[in-house]
Amino acid sequence: MTLIKQDDLIRSVADAFQFISYYHPLDFVRAVKAAYDREQSPAAKDALAQILVNSRMAAEGHRPICQDTGMAVVFLKIGMEVRFEPGMTVQEMVDEGVRQAYTNPDNPLRASVLADPAGARRNTKDNTPAVVYTELVPGNTVEVRLAAKGGGSENKAQFDILNPSDSIVDWVLERLPKMGAGWCPPGILGIGIGGTPEKAMLMAKEALLDQIDIQDLRQRGAGDRTEELRLEIYDKANALGIGAQGLGGLTTVLDVKIKGYPTHAASLPVALIPNCAATRHLHFTLDGSGPAHFSPPSLSDWPAIDWKGPPNARRVNLDTLTRADIATWKAGETLLLSGKLLTGRDAAHKRIADMVAKGEPLPVDFHNRFIYYVGPVDPVKGEAVGPAGPTKSTRMDKFTDLMLGEQVGLLGMVGKAERGPAAVASIAAHSAVYCTAVGGAAYLVAKAIKSSRVLAFPELGMEAIYEFEVENMPVAVAVDSRGESVHETGPREWRMRIGKIPLAKH
Ligand code: SF4
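Residues numbered from 1 in each chain as written. Predicted model: local features only at pLDDT ≥ 70, side-chain atom pairs only at ≥ 80, totals over all residues. Heavy atoms only, no water.

Undergrad: I'd like a description of the packing of aromatic side chains, backed by residues and values.
TA: Under the definition given, this model contains nine aromatic pairs. Here the aromatic rings of Tyr-22 and Tyr-23 are separated by 4.9 Å at their centres, their planes lie at 75°, and the arrangement is edge-to-face. In textbook terms, an aromatic cluster arises when at least three aromatic residues are bridged by ring pairs, as seen for Phe-19, Tyr-22, Tyr-23, Phe-284, Phe-294 and Trp-302. For the cation-ring pair, Lys-199 lies above Tyr-261, with the distance from its terminal atom to the ring centre recorded as 4.5 Å. Taking the ring centre of Tyr-434 as reference, the NZ or CZ of Arg-419 above it sits at 4.7 Å. (Phe/Tyr/Trp six-rings, centres within 6.5 Å; stacked < 30°, edge-to-face > 60°. Lys NZ or Arg CZ within 6 Å of the ring centre and 35° of its normal.)

Written out as structure tokens, the structure reads:
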């Protein structure tokens, strides 16, 4: 019988969540580098470069890859010859590890978990509780697989019960374009097939914890129907042309992972969960001899990419910008922003809308300013802000007409992924503009932020309205002042081009 000490599990979980906050798995780094090398779409290639440079910077600086440091998901396979030191449940031990990881003063991670989800939605402040799954297995060790899953990719999870004769490939190809770019591609698709509805979802999540090996599979050839499906979905998903960040390009998915389970004769449950540009997971085993130790990778494991900003980017001074200036910008063009940039996301937008509805004066003059949809990590050691990548913009769509209208008067917005049709129409109607920063390049973006001060709603914490002073912050014009959206035109163009380009035999 193996005795597992409480402190060993707690310490190991805490160290593991710190480790994955700044070290991408190396199989993921290699897969993004391969995608970067073969990418022909300039916008997607630049996004891949930013993801790789950000990854190396995070590894070097021991700061989070992404500002969304995720919800903790932990799978434990507990050997039946294992005994835990009495006192705490497995959930309590894991939660204590998560608490210590997310409140570590050297690298505080963002607390994103809200209790009472249908009610007060109160932040628990330490990212607990984790979502914990336990399984009893033969043996005398505890195998732990854990992941930090960001909200953007989790929000794109898909589920359906197909007819047994329906095509799973067709279902994935129908769903993937509708998922937009909010899951920060390129990434990995986890697919669960069979079982019951909840079993399919769980398998999709577990599938994401496996190593990227699609190129090995292609070389050795599919040995069964599941492996055939992996290759077919991988090729056809990439032929959709969605590309990195949805900008149009050759690589949307880096691998397709599938787990299956026997199912009812009348059913074909299928679940799909994506992993994003901030893929973060780690595996370790406790055998009673102490906490797990994680060897840091060498920085030489990251490719040396000489990225000094998007090629041919237009330099923009936010402090002197006019509507006439932005009328000359075209969807797909890259910019380097300098000057004063406001921030605001869900809660601040709601407050502004309520104040306008009540006829109250606004705490900030938004006229002719840009707003950045962001909720940064807290800063440490002289940083102006912690990692500060964009959050998904469609959540702000319902406020866009108000924010661009006369009463509020914004000139432009910076966020992540596509806008909905009403927001695009509003941007065109107001001759405004919407730009995107690269989701998953949060530490790189933060380096462009030179100072930060709170202007309004300080009680909202990371959701307060800040004013950033930025210098050469890289963004792309995603919806121009005529309403052309690169998330429409880019994938369409690259889907057609891929139709002409024979798919690469990697
Ligand atoms: S890379 Fe995108 S989806 Fe992933 S955690 Fe960061 S913001 Fe969320």
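Undergrad: Tell me about the pairing of strand β17 (residues 433–436), and name the residues and values.
TA: Within a regular beta strand, the side chains point alternately toward one face of the sheet and then the other, so they alternate between its two faces. With burial as the criterion, each face of β17 is covered, one bearing Val-433 and Cys-435 and the other bearing Tyr-434 and Thr-436. Both strand β16 (residues 412–415) and β17 contribute to a ladder of four bridges, which runs parallel. What sits directly across from Val-414, in β17, is Cys-435. For the crossover that starts at β16, traverses helix α13 (residues 421–429) and ends in the parallel β17, the hand is right-handed. Pairing between β17 and strand β19 (residues 465–479): three bridges, direction antiparallel. Pairing of Thr-436 across the sheet is with Ala-476, part of β19. (Buried < 20%, exposed > 50% of the residue type's maximum accessible area, 1.4 Å probe, protein only. Helix = DSSP H or I, 4+ residues; strand = E, 2+ residues; numbered from the N terminus. Pairing = 2+ DSSP bridges. Right-handed = clockwise from strand over helix to strand, strands pointing away.)

Undergrad: Describe the environment of Asp-210, and please don't skip the residues or the numbers.
TA: Topologically, Asp-210 is positioned in the loop between α7 (197–207) and α8 (214–220). Relative accessible area serves as the criterion here: at 30%, Asp-210 is assigned to the partly exposed category. For the pair Asp-210 and His-281, spaced 71 residues apart in sequence, the C-alpha to C-alpha distance is 9.1 Å. Sequence-distant contacts of Asp-210, defined by excluding residues within four places in its chain, comprise Lys-257, Lys-259 and His-281. (Contact = heavy atoms within 4.5 Å.)

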